[in-house]
Amino acid sequence: MAINKDAPPVDINKRRAINGADADVIQLYPMRHKWAWEYYNAANSNHWLPTEISMQLDIEQWRSNTVLTDEERHAFETVLGFFTTADSIAANNIVVATYRHITSPEIRMYLLRQAYEEAIHTHAYQYIVQSLGMDESKIFNMYRKRDAIYNKASFILDFNDGIFDPTFKTGTFENDQKFLENLCVFSLILEGIFFYSSFAVMFGFQRQHKLTGAAEQIQYIMRDESMHLNFGCQLIHTIREEQPELWTAEFQEKIIGYVKEAARLEYTYAQEVFPNGIFGMNAEGFRQYIEHIADRRLERVGLPAQFHVENPFPWMSEAIDLPKEKNFFETRVTEYKVGGALDW
Ligand code: FE
């Protein structure tokens, strides 16, 4: 890049979440998507590391023959089997697909933070597996071996087709829709649905005062994930405001169809992993819970609820309430507004 001393200042009105490379992807200021900067700061104030949480009690309970039932051990291993690879899939999507096509430096700042958080989550699972002396190769390889986990991972990975291609570019109607579809699937489904029956199981352990160190790790992860979901919804909202033509009726139908399919996959997973139920949560409870959160995810992006069921696990919304920091779980997309024409 040659120096150009007469270059005009960056035109903030040309800054876009995608397709805005004309407005310079390197200069953080002038900032247009201020909401993304707020997310970046909120995420930093929630910083945590897995090694800060004591696993001592968990280690004793895991070694003891009297604390955990065989079914509980099996459930714990299986949810870790899902978790250990899910956050790597999320991280890869941010780094290889999302970041490259985002043209707002302030949105990119949060994505850098989010990618790091996905790494922290994978670290947390590794730390749990290592602390308890579990079989790493069994746990980390489970997504290839268990149908219920494989089917969820494979559903998500299909949406990387095309977008991971180094020649993929936004800027056409078709590709912009494909990119938006990837965002919807990763935010609403991977971050918003596929973690939640496993979260519920982990909080089931916590409520029984079992494996509470692992459950606390998951509680921090769930707080991060709820922020990832909210950020993703806001990013979708921003792209829709900037390119309303992408959100066609046909596109909306497609997203609703994916969410319904994801709810089915998540329910099948819960049913296969916990055939006899666990901690008072049975197959019917999981189905209702998953359908309940699937409806909430649809509503977050302005799509109609499909299932209309009550939340059978109301304690799950309390589980996210870590007292010390700001909780984004119930924050609504509409609180954030994209700036109009700004002067710089
Ligand atoms: Fe995430």
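Numbers given to residues run from 1 along each chain, matching the order in which its sequence is written. Residue-level local features of this predicted model are given only where pLDDT is at least 70; pairs of side-chain atoms are given and counted only at 80 or more, and the full residue set underlies all totals for whole chains, interfaces and linings. Heavy atoms from the whole structure form the basis of all side-chain values; hydrogens and water molecules are not counted.

Chemist: Talk me through the side chain of Glu-266; I want residue IDs and the actual numbers.
Modeler: Numbering of helices and strands runs from the N terminus, with a helix taken as a DSSP run of H or I at least four residues long and a strand as a DSSP run of E at least two residues long. Mapped onto the fold, Glu-266 is located in helix H11 (residues 249–273). You can call Glu-266 buried: its relative accessible area is 0%. N or O atoms within 3.5 Å of each other form a polar contact, as long as, within protein, one can give a hydrogen and the other can take it, and as long as residues adjacent in sequence are counted only when both atoms are side-chain atoms. Polar side-chain contacts of Glu-266 include one of 2.6 Å to the side chain of Lys-152. By definition, residues are in contact when any of their heavy atoms lie within 4.5 Å. Excluding its chain neighbours within four sequence positions, the residues that come into contact with Glu-266 are Lys-152, Ile-193, Phe-194, Tyr-196, Ser-197, Ser-198 and Ile-290. In this scheme, a residue with accessible area under 20% of its type's maximum is buried, one over 50% is exposed, and one in between is partly exposed, where area comes from a 1.4 Å probe on protein chains only.

Chemist: Lay out the UniProt feature "transmembrane region" (unreviewed entry) in the protein chain in plain terms, naming residues and giving numbers.
Modeler: UniProt positions are given in the numbering used here, feature names are shortened, and annotations may be inferred rather than shown by experiment. With numbering aligned to this structure, UniProt lists the feature "transmembrane region" (unreviewed entry) at residues 185–205. A distance of 29 Å separates the end C-alpha atoms of residues 185–205, which is 81% helix and 0% strand.

Chemist: Can you tell me about unusual backbone geometry, naming the residues and giving the values?
Modeler: With an omega dihedral of 0°, the bond running from Tyr-29 to Pro-30 counts as a cis peptide bond. Relative to the helices and strands, Pro-30 resides in the segment before helix H1 (34–45). The phi torsion at Asn-19 lies on the positive side, around 60°, for a residue other than glycine. A positive phi is found at His-209, a non-glycine position, where the angle reads about 60°. For His-209, the location among the structural elements is in the loop between helix H9 (196–207) and helix H10 (212–242).

Chemist: Describe in detail the packing of H9 against H11, supporting the description with residues and values.
Modeler: Two numbers describe how H9 lies on H11: the axes approach to 9 Å, and their chain directions differ by 35°. Along its contact with H9, which presents Tyr-196, Ser-197 and Ser-198, the element H11 presents Glu-266, Tyr-269 and Ala-270. Amino acids outside the nonpolar list (Ala, Val, Leu, Ile, Met, Phe, Trp, Tyr, Cys, Pro) and the charged list (Asp, Glu, Lys, Arg) are all regarded as polar, and Gly is one of them. In terms of residue class, the contact of H9 with H11 is made up of 3 nonpolar, 2 polar and 1 charged. Helix axes are fitted only over the stretch in contact, all axes being lines through C-alpha atoms; the angle between N-to-C directions runs from 0 to 180 degrees.

Chemist: Outline the state of the cysteines, supporting the account with residue identities and numerical values.
Modeler: Pairs of cysteine sulfur atoms within 2.5 Å are what we label disulfides. Within this structure, the stated rule accounts for 0 disulfides. Here Cys-184 stays unpaired: no disulfide links it, and the sulfur of Cys-233, its closest cysteine neighbor, is 8.4 Å away.

Chemist: Mind laying out the packing of aromatic side chains, listing which residues take part and the relevant values?
Modeler: Pairing of aromatic side chains requires ring centres within 6.5 Å, counting the rings of Phe and Tyr and the six-membered ring of Trp. Pairs whose planes differ by under 30 degrees are stacked, by over 60 edge-to-face, and all others tilted. Within the structure shown, the criterion is met by 26 aromatic pairs. A ring pair is formed by Trp-62 and Phe-76, whose centres lie 5.4 Å apart and whose planes are at 50°; its orientation type is tilted. Residue Trp-62 is found in helix H2 (residues 56–63), and its partner Phe-76 is found in helix H3 (residues 70–101); the two are separated by 14 residues along the sequence. By the burial criterion, Trp-62 is buried, and Phe-76 matches it. Taking the centre distance of 6.1 Å and the plane angle of 65° together, the rings of Phe-155 and Phe-194 count as edge-to-face. Of this pair, Phe-155 sits in helix H7 (residues 147–157) while Phe-194 sits in the loop between helix H8 (173–191) and H9; the two residues are 39 residues apart in sequence, bridging distant segments of the chain. Take Phe-155: its relative accessible area is 12%, and that puts it in the buried class. In this analysis the charged atom, NZ for Lys or CZ for Arg, is taken to sit over a ring once it is within 6 Å of the ring centre and within 35 degrees of the ring normal. Taking the ring centre of Tyr-99 as reference, the NZ or CZ of Arg-108 above it sits at 4.5 Å.

Chemist: Help me get a handle on H7, residues and values and all.
Modeler: Along H7, the residues classified as buried are Ala-148, Ile-149, Lys-152, Ala-153, Phe-155 and Ile-156. Buried positions in H7, seen along its axis, are confined to an arc of 160° and lie on one side of it. It is the directions from the helix axis to the C-beta atoms whose arc is reported.

Chemist: Run through the environment of Glu-191, naming residues and quoting values.
Modeler: Structurally, the position occupied by Glu-191 is in helix H8. For the pair Glu-191 and Thr-98, spaced 93 residues apart in the sequence, the C-alpha separation amounts to 15 Å. Leaving out residues up to four positions away in the same chain, Glu-191 has contacts with Gln-114, Glu-118, Phe-186, Tyr-196, Glu-225 and His-228. Within the local environment of Glu-191, its side chain forms a polar contact with the side chain of His-228, the two groups lying 3.3 Å apart.

Chemist: Give a description of the coordination of the iron ion that names residues and reports values.
Modeler: Sodium, potassium and calcium take a 3.2 Å donor cutoff, other metals 2.8 Å, and in both cases only N, O and S atoms count; water is not among them, so sites may look incomplete. Looking at the metal site, the iron ion is ligated by Glu-118 (OE), Glu-191 (OE), Glu-225 (OE), Glu-225 (OE) and His-228 (ND1), spaced 1.9 to 2.8 Å from it. On the accessibility criterion, Glu-118 (0% relative accessible area) is buried.

Chemist: Give me the UniProt feature "binding site: Fe cation 1" (unreviewed entry) in the protein chain: which residues, what numbers.
Modeler: The UniProt record annotates "binding site: Fe cation 1" (unreviewed entry) at Asp-87, Glu-118 and His-121. These residues run over 35 residues, yet every pair of their C-alpha atoms falls within 6.6 Å of each other. With respect to the helices and strands, the residue Asp-87 is situated in helix H3. Taking relative accessible area as the criterion, Asp-87 reaches 0% and is therefore assigned buried. Residue contacts for Asp-87: discarding those within four places in its chain leaves Glu-118, His-121, Thr-122, Tyr-125, Phe-195 and Glu-225. With respect to the secondary-structure elements, Glu-118 resides in helix H4 (residues 105–131).

Chemist: Go over the pattern of salt bridges with me, naming the residues and quoting the values.
Modeler: Salt bridges, as used here, are contacts in which a Lys or Arg side-chain nitrogen is within 4 Å of a carboxyl oxygen on Asp or Glu. A complete count under the given rule lists 11 salt bridges for this structure. The partner of Arg-113 in a salt bridge is Glu-117, and the shortest N-O contact between them spans 2.8 Å. Here Glu-117 and Arg-113 lie together in helix H4, a separation of 4 residues that amounts to about one turn. Residue Arg-113 is classed as buried on the basis of its relative accessible area, which comes to 9%. Its salt-bridge partner being Glu-291, residue Arg-287 comes within 2.9 Å of it at the nearest N-O pair.

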